Amino acid sequence: EAGVAQSPRYKIIEKRQSVAFWCNPISGHATLYWYQQILGQGPKLLIQFQNNGVVDDSQLPKDRFSAERLKGVDSTLKIQPAKLEDSAVYLCASSRSRETTQETQYFGPGTRLLVL
Amino acid sequence: AQSVTQLDSHVSVSEGTPVLLRCNYSSSYSPSLFWYVQHPNKGLQLLLKYTSAATLVKGINGFEAEFKKSETSFHLTKPSAHMSDAAEYFCVVSDRGNQFYFGTGTSLTVIP
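In this numbering scheme, every chain counts its residues from 1 along its sequence in written order. Chains and ligands are labelled by the order in which they are written, letters from A for the one and numbers from 1 for the other. Given that this is a predicted model, residues contribute local features only at a pLDDT of at least 70 and side-chain atom pairs are listed and counted only at 80 or more, while totals for whole chains, interfaces and linings are drawn from all residues. Derived side-chain values reflect all non-hydrogen atoms in the structure, with water molecules and hydrogen atoms excluded from consideration.

### A word on the overall build of chain B
The numbering of helices and of strands both runs from the N terminus, where a helix is a DSSP run of H or I of at least 4 residues and a strand a run of E of at least 2. Helix and strand content of chain B: zero helices and 12 strands. Along chain B, helices and strands appear, N-terminal first, in the series β-β-β-β-β-β-β-β-β-β-β-β. Within these notes, the globule rule equals 2.2 Å times the number of residues to the 0.38 power, and the radius of gyration is based on C-alpha atoms. For a compact globule of 112 residues, the expected C-alpha radius of gyration is about 13 Å, and chain B comes in at 13 Å, within 12% of that figure. With the principal axes as the frame, chain B shows a C-alpha extent of 40 × 25 × 20 Å. Exposure is judged per residue with a 1.4 Å probe applied to protein chains only, and the accessible area is read against the type maximum: over 50% gives exposed, under 20% gives buried, and values in between give partly exposed. The buried share of chain B, taken over its 112 residues, is 46%. Of the roughly 5100 Å² of accessible surface on chain B, 53% is carried by carbon and sulfur atoms. Averaging the positions of the 8 positive and the 8 negative side-chain charges in chain B gives two centres separated by 7 Å. Each accessible area is a Shrake-Rupley result for a 1.4 Å probe, and residues are judged covered by the shown protein chains and nothing else. Charged residues are defined here as Lys and Arg on the positive side and Asp and Glu on the negative side; His and the ends of the chain fall outside this count. Every charge is mapped to an atom, namely NZ of Lys, CZ of Arg, CG of Asp or CD of Glu.

Here it is in structure tokens:
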């Protein structure tokens, strides 16, 4: 089966600019996650969707970050305006369901963002 | 609350020698535990997972991990390191909501 797709793979912007990332999860996966991974750290969950509804966005900086999954399939994550500290790899993951702790999350290759 | 502690930020081994990457967790109930590997500029790949079945879990590429509830540990091992094992390894605990809590990672270097 096809894996989680993300684009773009790399993005360089200047601070205060806007940027958007796209994710297409594995077909049939109900749950979609966006993570931020700063260099030298483990991934940190930004937002979790179940179908097209938000399950958890407690760690999403809502003054500048937004995400949507309108049709319950692919998703976009936006940063507006970007700050230097947003430089990181943004990972998208999906799993079949959040109804059990046994579900494996499958990760995309990530989008590497550099804010200058 | 769930959390994961990876005891070593960096491990170096010689090719052909055993690998041990240590992980301790805290969880208020029986957790699911995972090990993921991340090669440079690649996505996270699942190595193995524990979900309350057998305590010794075998994964891909010869890796295995043992769940020890009394020690709240889930250490990752491999009998013989290969050059291709050089990567970042993450221990992960999952809660009822299927939210993942990542450790800070262990960077494995394999010396030829």
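What follows picks up the thread again.
### Structural notes on the interface of chain B and chain A
Contact criterion: two residues are considered in contact whenever any of their non-hydrogen atoms come within 4.5 Å of each other. Contact residues are listed per partner, giving 23 residues for chain B and 26 residues for chain A. Throughout, buried area stands for the accessible area (probe radius 1.4 Å) lost by two parts on being put together, summed over both. Of the roughly 1800 Å² buried between chain B and chain A, counting both surfaces, carbon and sulfur atoms make up 44%. Within this document, salt bridges are pairs made up of a side-chain nitrogen of Lys or Arg and a carboxyl oxygen of Asp or Glu, the two lying within 4 Å of each other. In this assembly, chain B and chain A are joined by zero salt bridges. A 3.5 Å cut-off defines polar contacts: any pair of N or O atoms within that distance qualifies, except that in protein one atom must be a possible hydrogen donor and the other a possible acceptor, and neighbouring residues in sequence count only when both atoms are side-chain atoms. Linking chain B with chain A are three residue pairs in polar contact (both at pLDDT 80 or more), by the criterion used here. Considering every element that reaches the side of chain B that touches chain A, the biggest residue donor is strand 5 (residues 32–38) of chain B, with four residues. Residue polarity follows a fixed list, in which Ala, Val, Leu, Ile, Met, Phe, Trp, Tyr, Cys and Pro are nonpolar, Asp, Glu, Lys and Arg are charged, and the others, Gly among them, are polar. A per-class count over the side of chain B that touches chain A returns eight nonpolar, 11 polar and four charged.

### Observations concerning the sheet that holds strand 8 (residues 75–79) of chain A
All names here are of chain A. Here four strands make up an open sheet; going across it, the order is 1-3-8-7 and the pairing antiparallel. Each end of this open sheet is capped by a strand with a single partner; those strands are strand 1 (5–7) and strand 7 (65–68). Sheet twist, expressed as the average angle between the axes of neighbouring strands with direction ignored, equals 15°. Any two strands with at least two DSSP bridges between them are considered paired. As judged from the five bridges shared by strand 3 (residues 19–24) and strand 8, these two strands associate in the antiparallel manner. Among the inter-strand pairings, Val-19 is bridged to a residue of strand 8, identified as Ile-79. Axis lines are fitted to C-alpha atoms, over the contacting stretch for helices. Their N-to-C directions set the angle, which ranges from 0 to 180 degrees.

### Digging into the state of the cysteines
All names here are of chain A. Note on disulfides: each one is a pair of cysteine sulfur atoms within 2.5 Å. Applying the stated criterion across every chain, the model contains two disulfides over all chains. Two residues, Cys-23 and Cys-92, share a disulfide whose sulfurs are 1.9 Å apart. Taking the sign of the S-S torsion, about -70° here, the bridge from Cys-23 to Cys-92 comes out left-handed. Remark: Cys-92 occurs in strand 9 (residues 88–95) and Cys-23 occurs in strand 3; sequence separation between them is 69 residues. Taken individually, Cys-23 and Cys-92 each receive the classification buried, so the pair is uniform in this respect.

### A closer look at the environment of Leu-39 of chain A
Residue and element names in this part refer to chain A. Along the polypeptide, Leu-39 turns up in the loop between strand 4 (31–37) and strand 5 (44–50). Given a relative accessible area of 80%, Leu-39 falls into the exposed group. Once the C-alpha coordinates of Leu-39 and Ala-2 are considered, the two residues, 37 residues apart in sequence, prove to be 27 Å apart.

### Remarks on unusual backbone geometry
Residues and elements named next belong to chain A. Geometrically, the link from Ser-7 to Pro-8 is a cis peptide bond, its omega value of -10° lying close to zero. In this structure, Pro-8 sits in the loop between strand 1 and strand 2 (10–13). A cis amide bond links Gln-80 to the next residue, Pro-81, at an omega of -5°. Looking at the secondary structure, you find Pro-81 in the loop between strand 8 and strand 9.

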